[in-house]
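Understanding the architecture of this molecule
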Number of protein chains: 2
Amino acid sequence: MRVFSTLTSSSSIANRLSSLRNAQLSSFIHSFRAYSSLMDANEDSLRRALAQKQSSVDSQSNAVRALKAAKSSKPDIDAAIQILNELKLEKSSIEKQLRAAVAGSVVDGPINGEAFRQTLANTLERRLFYIPSFKIYRGVAGLYDYGPPGCAVKANVLAFWRQHFVLEENMLEVDCPCVTPEIVLKASGHVEKFTDLMVKDEKTGTCFRADHLLKDYCNEILQKDFSITSEKTAELKHVLAILDDLSAEQLGAKIKEYGIAAPDTKNALSDPYPFNLMFQTSIGPSGLSPGYMRPETAQGIFVNFKDLYYYNGNKLPFAAAQIGQAFRNEISPRQGLLRVREFTLAEIEHFVDPEDKSHPKYSEVVDLEFLMFPREEQMSGQSAKKIHLGKAVSKGIVNNETLGYFIGRVYLFLTGLGIDKDRLRFRQHLANEMAHYAADCWDAEIKCSYGWIECVGIADRSAYDLRAHSEKSGVPLVAHEKFSEPREVEKLVIAPVKKELGLAFKGSQKMVVEALEAMNEKEALEMKASLQSKGEVDFYVCTLGKNVSITKNMVSISKEKKKEHQRVFTPSVIEPSFGIGRIIYCLYEHSFYMRPSKAGDEQLNVFRFPPLVAPIKCTVFPLVQNQQYEEVAKIISKSLTTAGISHKIDITGTSIGKRYARTDELGVPFAITVDSPSSVTIRERDSKDQIRVNVEEAALVVKSVTDGHRTWADVWSNFPRHSSVSVEE
Amino acid sequence: MRVFSTLTSSSSIANRLSSLRNAQLSSFIHSFRAYSSLMDANEDSLRRALAQKQSSVDSQSNAVRALKAAKSSKPDIDAAIQILNELKLEKSSIEKQLRAAVAGSVVDGPINGEAFRQTLANTLERRLFYIPSFKIYRGVAGLYDYGPPGCAVKANVLAFWRQHFVLEENMLEVDCPCVTPEIVLKASGHVEKFTDLMVKDEKTGTCFRADHLLKDYCNEILQKDFSITSEKTAELKHVLAILDDLSAEQLGAKIKEYGIAAPDTKNALSDPYPFNLMFQTSIGPSGLSPGYMRPETAQGIFVNFKDLYYYNGNKLPFAAAQIGQAFRNEISPRQGLLRVREFTLAEIEHFVDPEDKSHPKYSEVVDLEFLMFPREEQMSGQSAKKIHLGKAVSKGIVNNETLGYFIGRVYLFLTGLGIDKDRLRFRQHLANEMAHYAADCWDAEIKCSYGWIECVGIADRSAYDLRAHSEKSGVPLVAHEKFSEPREVEKLVIAPVKKELGLAFKGSQKMVVEALEAMNEKEALEMKASLQSKGEVDFYVCTLGKNVSITKNMVSISKEKKKEHQRVFTPSVIEPSFGIGRIIYCLYEHSFYMRPSKAGDEQLNVFRFPPLVAPIKCTVFPLVQNQQYEEVAKIISKSLTTAGISHKIDITGTSIGKRYARTDELGVPFAITVDSPSSVTIRERDSKDQIRVNVEEAALVVKSVTDGHRTWADVWSNFPRHSSVSVEE
């Protein structure tokens, strides 16, 4: 699945895997870089202005020196110094602007990206949304535990995914093991090609991702050294742009050229070499059956295609889905939850007739409008724009209806979770990012403090995967279309005459035969014409790497009519693939905000999770510790349980303001405060508005709002408002 | 977690791991064998009768031969032959009874266990409840995929588990990675001790579990060879009974003694040696950080104890829970879904003050009665009996209230899923099955065609696990009880005088010091008394393996009064641990039955899943293909969706009887058949009863029954009955 090869692995996979499943994942970093380098015209002009100002400063310095040497008059010298100082001031102002432009401000609002992220991370770890795994043993990079609220959020996200995709689309869900025998991952290409380039500290043996070192080197200079020439600036930006296309040799050469050493020790580095990112193991006791922890869940679906097709009544289209763990043995995990060694994927493989990629429910999404970033806009330096999905499909920007349908459904899914639609875009893969077999690819990218993060990949992978497993296993993974009555079809028949070819080409005969049989209709008919007119023709055999001469007696080419009762074909597969951990992390960023406490002496943290996502939906607080109030709280708790609303009672003696703050920080949307035996208040988290409701009604009101049957605004205007906020924070 | 070490691994672990986490798992096979050998008194008496009859036959044969040799009269010889034939007939009749007794009849009803299991397995695989993984590549033993209905059943079982345990008990759920660094599993003991004994075919290298070969050999003879003496019978049964306690050497000796060879090749076998059952891998690129795929999920909870305790407001008791994959690299997986290499566990670690193991909700389960099989009953050859849970706890049969509470909750969970309460028992571990630190252990065992299968382990593991990780990590995993006012406590102070001990014991000084400090109060006070009276005392130092002589000047022992402000202690942990795949498989067996089709010409398969478990709750069938009916079906489908009822419309033209049969085989509890525009029928799967309901009401009726708010009997008596069953199967 595409989502992760970009960020969690293998920035330089793209070129080397062009015919591989992972190829088209390629790297969005590439295009994003190209794009951003066009976008920061401001930065470029500042760099140019700085260089100019520097040269003005230099020449003015010389002028001052010359005046002094010439023992000019003091007023003249003073005037020149005055100009020099002004120039220096101007230079320092430009430098300041440039520094700000380079650092950027990823998050809107007053706090910068780094500080925002740190505050968020502290909150998430303190409240056990997630924590580094095996902390008491000093942890393992790239492995995280989800604590209670994180688990609940994850369960809610997965439940919504299942509802939104599996149930609403009648998908066939499967659940396959993580342990996978080598042959499956040989067929998929992972054993050979699923690698990142690595370098080693030649003395300590510490390993680094080669592209990371080069990238860090370039960024460091670009961000901190403002004395470099604009040629150097352009060169470094170019290296960043082509980083993912560099071969091991090219990467090694650049590292040597720039004199990049091991980060901590400054020791010399080895040449880059590929490291396979799969966790390897051995199945059974013999040690003779290598296996791997799956790097994606998709293969489990492909190998079951035949059974699933049968289960679906031998009908297309249908989709299979799987939620499960996947594993990548990253060389050096970074970026917290975004690049990890074990993660949850949710993948869909929608199998469809390649000749009919319409979708029955397409009309339900056709009128959606959201940020899309087609290939052309990326190439021409524009930014993502709001586009009408139906128009994108009808204009051919999105390859087909089914792909468009899933793009629309993914948009609804992510915004339904609470992802900000203005920080969500669908970016089309550039031609060089896609494998040759892929028809089209779009990534749902979410903007967070780390930049635009690829969280869902939606690809039309054509017949590639099923064909790969058909070939390796010998089991045909195909679909049949039975004709209601037999059809007469004209078929091209290429019949190489093996005897003649054997005489002419001896050991190379097999390659020539295969090349002849592989001709498409146009090529074959051209050859037929040439042979008829000239009796002989030059023919390029790629497996021999040269032309051979084919004569009339060596091959017969004809078109024949045949009656066919059915069409047998390999289905195309359209694959939406979701990185659940990444989506959740971005959701944390989009949901988190701070507001001053009532006293104004501290900043309080809030997650504005929609009820769908919130780890619990409601808290129940007896205002003061008193048996009567606690009894009422228990009654309400019971009715909440009956209504299926997850909730918690908090009977601690802490002030109500503190209790509100505590649950705001967990993103609990509603709080019921018991301050009388007969009626209670319900407080909404973000507005802090409170209404007054009878005890009997409380659970149902909360249920109607959390289920989405009513809005808070509706409830707010229909119940008496509770304005005594003196107890509030 | 205990559940699996018995059946999925390591039958002979018990003895070797006595101080280890897995030790108490030991083997229920052992006690079950002991028990069953007492139970089959019938078989024993038949064997004895057969042996007697055989000797009668032999002596009568001799008599006949003697008469013939003596040329006796024909009538005499004929009479003797007549007797011989009668004896032979009698012998053959006993043989038949014995064969039946040995084979047993595991499943009630007319079909035997093997045939029942095969029919069930065929149905499960054909309907994709599960299938062998990677089938197109000929699969891998011990790995299975869950197909669509299997996935749905599993999701339902887990959702119920989460509701029944995590939500109702406010447990702290966590989600930790499968990839685990070595140090964690060294602390838990798995790296050193989590092994099974293996033998290799000396020529082909094929591996076998040593205990399996010996077990198969004994069973084969006991089941098929009726000519063996009763001494031999007793010997083989004894071997089966002690199988799990045999060391590598003893197992090897038995294999030699019986001349057991490799099953297929008949080649000689190697000596048994331990094979670690964890899948090993390497974390990161250096190859220097060994890791394993976790063999259980519990360790992830233990290492997080400190954070979870803090999250819970530093209060005990509290429970943490985790659902996730676990991995065991079985030497030779068997028994389908019961012994697999990757499986889903759901584990609870309930942390409690060792001095107070009461449970606040104990009263909710105290009056449950179900089959329990205490240690004493097993030892005295009785069978499991219905016991009142409260009495079992108050009599001390079950060690404490919290353990009792969880036993009761597990009973409610399993029977809630549809496990037959008459084929469910709680078996207490025998003393030799438990680790020395465990306070008490009970397994929920479910009877299926493979016998009694351990599906849930419920153990009071005392402080073992937390202490092990405290020691290894150096991080104290302890709880605090703050006293409301300081308490004066009398403390034993043992102060070895190192100088004197050093002079006396030199290099052994450290061991002597440790042994002295490790004395309990009674031992220390006895030593004090002896030293006072005699001035010298013999003292056994286990680390030296000998007695040393301790004199008065070497140690000071006293009791001192101290003021303490808090008590610091390692909590005990009570661990219910669920093998989800095993529970699901047993559920399949308990839910599956066959009934004749209406025509009586075939047997139809039915799963009697309760609605909670059923993969979908309802199907909607337009009786005939007709637009009007299909419109009504769509309206009903919409209201089912709104009501949150998973369902499917089947508009195929197949006969309604066939459509019913098809969904009965998936265990769908209700079918709505549209046979008029205004009203429809609702059919219940097991009774095949049908009621007539208005279109508008249909979804709500189904919802009320699937949610458990009404029973079918209630619905059945409140709606008009639909008796036209002519269309039915």
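Refer to the structure above for everything that follows.
Procedures and definitions
- Residues numbered from 1 in each chain as written.
- Chains lettered and ligands numbered in written order.
- Predicted model: local features only at pLDDT ≥ 70, side-chain atom pairs only at ≥ 80, totals over all residues.
- Heavy atoms only, no water.
- Pairing = 2+ DSSP bridges.
- Helix = DSSP H or I, 4+ residues; strand = E, 2+ residues; numbered from the N terminus.
- Contact = heavy atoms within 4.5 Å.
- Axes fitted to C-alpha atoms, helices over the stretch in contact; angles between N-to-C directions.
- Phe/Tyr/Trp six-rings, centres within 6.5 Å; stacked < 30°, edge-to-face > 60°.
- Buried < 20%, exposed > 50% of the residue type's maximum accessible area, 1.4 Å probe, protein only.
- Polar contact = N/O pair within 3.5 Å; in protein donor to acceptor, adjacent residues only side chain to side chain.
- Least-squares fit on C-alpha atoms with pLDDT ≥ 70 in both.
- Disulfide = S-S within 2.5 Å.

Residue and element names in this part refer to chain B. Read across the sheet, 9 strands follow the order 3-10-11-21-16-15-14-12-13 without closing on themselves; strand pairing throughout is mixed. Sheet topology places strand 3 (172-173) and strand 13 (385-388) at the edges, where each strand pairs with a single neighbour. Inspection of the sheet shows strand 12 (residues 369-373) paired to strand 14 (residues 424-428) by 2 bridges, in the parallel sense. Across the sheet, the residue bridging to Phe373 is Arg427, located in strand 14. Across the sheet, helix 7 (residues 148-167) is in contact with strand 3, strand 10 (318-327), strand 11 (342-352) and strand 21 (572-579); its angle to strand 10 comes to roughly 160°. Docked against the sheet, helix 17 (residues 401-417) engages strand 11, strand 12, strand 14, strand 15 (440-448), strand 16 (451-460) and strand 21, running at close to 145° with respect to strand 16.

Let us look at the packing of aromatic side chains. Across all of its chains, the model carries 56 aromatic pairs over all chains by this definition. For the pair Phe413 of chain A and Phe578 of chain A, a centre-to-centre distance of 5.6 Å together with 85° between the ring planes defines the contact as edge-to-face. One end of the pair, Phe413 of chain A, is in helix 17 (residues 401-417); the other, Phe578 of chain A, is in strand 21 (residues 572-579), and 165 residues separate them in sequence. Of the residues examined, Phe578 of chain A reaches a relative accessible area of 0% and is grouped as buried. Plain terms: the ring middles of Phe165 of chain B and Phe578 of chain B are 5.1 Å apart, the flat faces sit at 55° to each other, and that makes the pair tilted. Note that Phe165 of chain B is positioned in helix 7 and Phe578 of chain B in strand 21, a separation of 413 residues in sequence.

Residues and elements named next belong to chain A. Structurally, Thr681 can be placed in strand 27 (residues 679-684). Here Gln690 takes part through its side chain, which lies 3.4 Å from a polar atom of the side chain of Thr681. Leaving out residues up to four positions away in the same chain, Thr681 has contacts with Tyr660, Ala671, Ile672, Thr673, Asp675, Gln690, Ile691, Arg692 and His722.

Next up on the list: the environment of Gln299 of chain A. Residue and element names in this part refer to chain A. Residue placement: Gln299 occurs in helix 13 (residues 298-302). On the basis of relative accessible area, Gln299 is assigned to the buried category, the value being 4%. Through-space distance from the C-alpha of Gln299 to that of Leu466 is 9.5 Å; in sequence the pair is 167 residues apart.

Our next topic: the relation of the copies chain A and chain B. Superposing chain A onto chain B requires a rotation of 180° together with a translation of 0.0 Å along the rotation axis, leaving an RMSD of 0.3 Å. Here the transformation between the copies is reduced to the relation of a two-fold axis. It is Thr281 of chain A whose C-alpha, among those of chain A, lies nearest the rotation axis, at 2.6 Å. When the interface residues of chain A are mapped onto chain B, 100% of them are again interface residues, pointing to one common binding face.

Residues and elements named next belong to chain B. The strand order 25-24-26-27-28 describes an open sheet built from 5 strands, whose pairing is mixed. The open sheet has two edge strands with one neighbour each: strand 25 (647-649) and strand 28 (690-694). Neighbour-to-neighbour, the strand axes of this sheet turn through a mean angle of 25°, independent of strand direction. For strand 24 (residues 618-622) and strand 26 (residues 670-674), the ladder comprises 5 bridges, and the chain directions are parallel. Of the residues in strand 26, the one forming a bridge with Phe621 is Thr673. In the packing of helix 23 (residues 627-642) onto the sheet, contacts are made with strand 24, strand 25, strand 26 and strand 27 (679-684), and the angle to strand 24 comes to roughly 165°. Across the sheet, helix 25 (residues 695-706) touches strand 24, strand 26, strand 27 and strand 28, and the angle it forms with strand 28 is around 130°.

Glancing now at the state of the cysteines. Residues and elements named next belong to chain B. In this structure the tally under the stated criterion is 0 disulfides over all chains. The closest cysteine sulfur to the non-disulfide-bonded Cys441 is located on Cys455, 16 Å from its own sulfur. Cys448 carries a free sulfur, and the closest cysteine sulfur to it, the one in Cys586, is 4.4 Å from it. According to the relative accessible area criterion, Cys448 is buried, its value standing at 2%.

Moving on to the pairing of strand 14 of chain B. Residue and element names in this part refer to chain B. By the criterion of burial, strand 14 is predominantly enclosed, with 5 of the 5 residues buried. What you see with strand 14 is no split at all: Leu424, Phe426 and Gln428 on one side and Arg425 and Arg427 on the other are buried throughout. Bridge analysis of strand 14 against strand 15 gives 5 bridges, and the strand direction is antiparallel. Within the sheet, the bridge partner assigned to Leu424 lies in strand 15 and is Ile446.

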